[in-house]
Each structure stands twice: as structure tokens, then as C-alpha cells.
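Coordinate inspection notes
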Amino acid sequence: MKKLLILLLISNLIYSRGEISFSKQQKNKEDKVISETENITKNYSSKIINISTKELQIREEIVNSAKTQLGKPYLWGAIGTNSFDCSSFVQYVYKQSTGINLPRVSYQQAEFRPKKNNGLKKGDLLFFETLRKGRISHVGIYIGNNKFIHSSSSKGKVVISEFSGFYQKTFRWGISVI
């Protein structure tokens, strides 16, 4: 009987230790899952931040590249480096700053990506109907603060203009290439 009591006591202790050990294992597993979830969330968040930071850098590069062309002459049909028309200007800037090849003429560029009328960001392309109703005839690059840069036939060179007055009236839509 004494042996049976000792055996029962030992088995209770072992079982009890097993429960404690099992509880610790469960707690450790739960802690590990929480830790892994937190790490995944942190990694995912940092990737979102990195993507956003990368996009901002690309957009700034587009604007900076465009500004280096300020004052270069406008020439209808020109294809770039020394003189531009509006579409060759944006085509050149995008190729130089991002490696993206845009279509050659403004009305084709206007269909390159989905259209948007609000939420414009630096580096977005702006399309205008300046000559006749129903056809895109001018393009520029939004640089922020209600301004855009373009190769202007009326000014005869690459300039920065306010997105107001004539340009606001003739604006049709923008696109985000990035």
C-alpha cells in the first residue's frame, strides 16, 4: 500500500510537471506566434515605407531632370537633347530619369495609363486640349504647388507655368506613370 501511495504521488508529480511544462510550451508557442506576427507586421510596414520613399525619390528625380532642361528651345517635331516639342520633352525626361519609354506624341501619351482628374502628384503628366475640341494637343509634367513644366510653343522654350487660367480651362486629365 505504501508503494502504491508513493507511486501515485510520483505519477501526480510527473503529471503535474507535465501540465506545467505543457502550459509553458503553450505560452512559448503563443509568444512565438505573437513575436512572428509583430515581425511580419514590422517588415511589411517598412516595405510600405520603403516603397513610398522610393516612389517619392523617383518623382523628385523626374522633376529635377525636367528642370535641367529649362530654357531649351521649343521646336515642333523636335526629338530632344537640344530642342523639344511638348511631347518629346516629357518623353526625354522620363527616359533620362526613369528609363521609361513613353509614346512619342501627346495624344498617345494621354492614353498610356488610366486617367485621373485629382490627386495629382509631382511627376504626373498633364494633358491639355489647346488647339481644337476633342483632341489632346499639349502635355506637361506636374511639379507641385499648382505648377507644371513643359515645352511651350507660345513661349518658345521649356518653362514652368501656373496651372491656372488658360491651362486650367484647357486641362483634360492627368496620368501617373509611376
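Our structure is the block above this text.
This text gives an overview of the structure that appears in the document. (Residues numbered from 1 in each chain as written. Predicted model: local features only at pLDDT ≥ 70, side-chain atom pairs only at ≥ 80, totals over all residues. Heavy atoms only, no water.)

1. Focus on the packing of aromatic side chains
The way to describe two aromatic rings as a pair is by their centre distance and the angle between their planes. To keep things clear, this is the line we draw: To pair, rings of Phe, Tyr and Trp, with the six-membered ring standing in for Trp, must have centres within 6.5 Å; the planes then decide the type, stacked if under 30 degrees apart, edge-to-face if over 60, and tilted in the middle. Under the scheme used here, helices are H or I runs from DSSP no shorter than 4 residues and strands are E runs no shorter than 2 residues, and both carry numbers assigned from the N terminus. Any residue under 20% of the maximum accessible area for its type is buried, any over 50% is exposed, and the rest in between are partly exposed; the area is computed with a 1.4 Å probe on protein chains only.
Within the structure shown, the criterion is met by ten aromatic pairs. Relative to Phe163, the ring of Phe128 lies with its centre 6.3 Å away and its plane at 75 degrees, an arrangement referred to as edge-to-face. Linking Phe128 in strand S2 (residues 125-128) with Phe163 in the loop between strand S5 (157-162) and helix H4 (165-170), this pair joins segments that are 35 residues apart in sequence. You can call Phe128 buried: its relative accessible area is 0%. The buried category is assigned to Phe163, whose relative accessible area is 9%. Consider the rings of Phe166 and Tyr167, whose centres lie 5.2 Å apart with planes at 75 degrees: the pair is edge-to-face. An aromatic cluster is present here, built from Phe128, Phe148, Phe163, Phe166, Tyr167 and Phe171 joined pairwise through their rings.

2. Topic: the pattern of salt bridges
For clarity, the cut-off: Salt-bridge detection follows one rule: a side-chain nitrogen of Lys or Arg within 4 Å of a carboxyl oxygen of Asp or Glu.
With the rule as written, the count across this model stands at nine salt bridges. Close ionic contact of Asp124 with Arg59 constitutes a salt bridge, the shortest N to O distance being 2.9 Å. Of the two residues, Asp124 is situated in the loop between strand S1 (115-116) and S2 and Arg59 in helix H1 (residues 2-67); the sequence distance between them amounts to 65 residues. On the accessibility criterion, Arg59 (4% relative accessible area) is buried. Ionic pairing is found between Glu60 and Lys122, a salt bridge with its closest N-O pair at 2.7 Å. Taken together, the residues span a long stretch of sequence, with Glu60 in helix H1 and Lys122 in the loop between S1 and S2 at a distance of 62 residues. The exposure class assigned to Lys122 is partly exposed, which follows from its relative accessible area of 32%. The structure contains a network of salt bridges with shared partners spanning Glu55, Arg59, Lys116, Lys121 and Asp124.

3. Regarding helix H2 (residues 86-98)
How we decide: Given a helix with a known number of residues, its expected span is that number minus one, times 1.5 Å.
An ideal rise of 1.5 Å per residue puts 18 Å on 13 residues; H2 measures up with 18 Å between its terminal C-alpha atoms. Residues Cys86, Ser87, Ser88, Phe89, Val90, Gln91, Tyr92, Val93, Tyr94 and Ser97 constitute the buried set of H2. A positive backbone phi angle near 80 degrees is found at Gly99, which sits one or two residues after H2.

4. As for the environment of His138
Spelled out, the test is: In this description, contact between two residues means that some pair of their heavy atoms is separated by no more than 4.5 Å. Between N or O atoms, a polar contact is any pair within 3.5 Å; within protein, one atom must be a potential hydrogen donor and the other a potential acceptor, and residues adjacent in sequence are included only when both atoms are from side chains.
Checked against the element boundaries, His138 lands in strand S3 (residues 138-144). The exposure class assigned to His138 is buried, which follows from its relative accessible area of 9%. Leaving out residues up to four positions away in the same chain, His138 has contacts with Cys86, Ser106, Leu126, Phe127, Phe128, Thr130, His150, Ser151 and Tyr167. At 2.8 Å, the side chain of His138 forms a polar contact with the side chain of His150.

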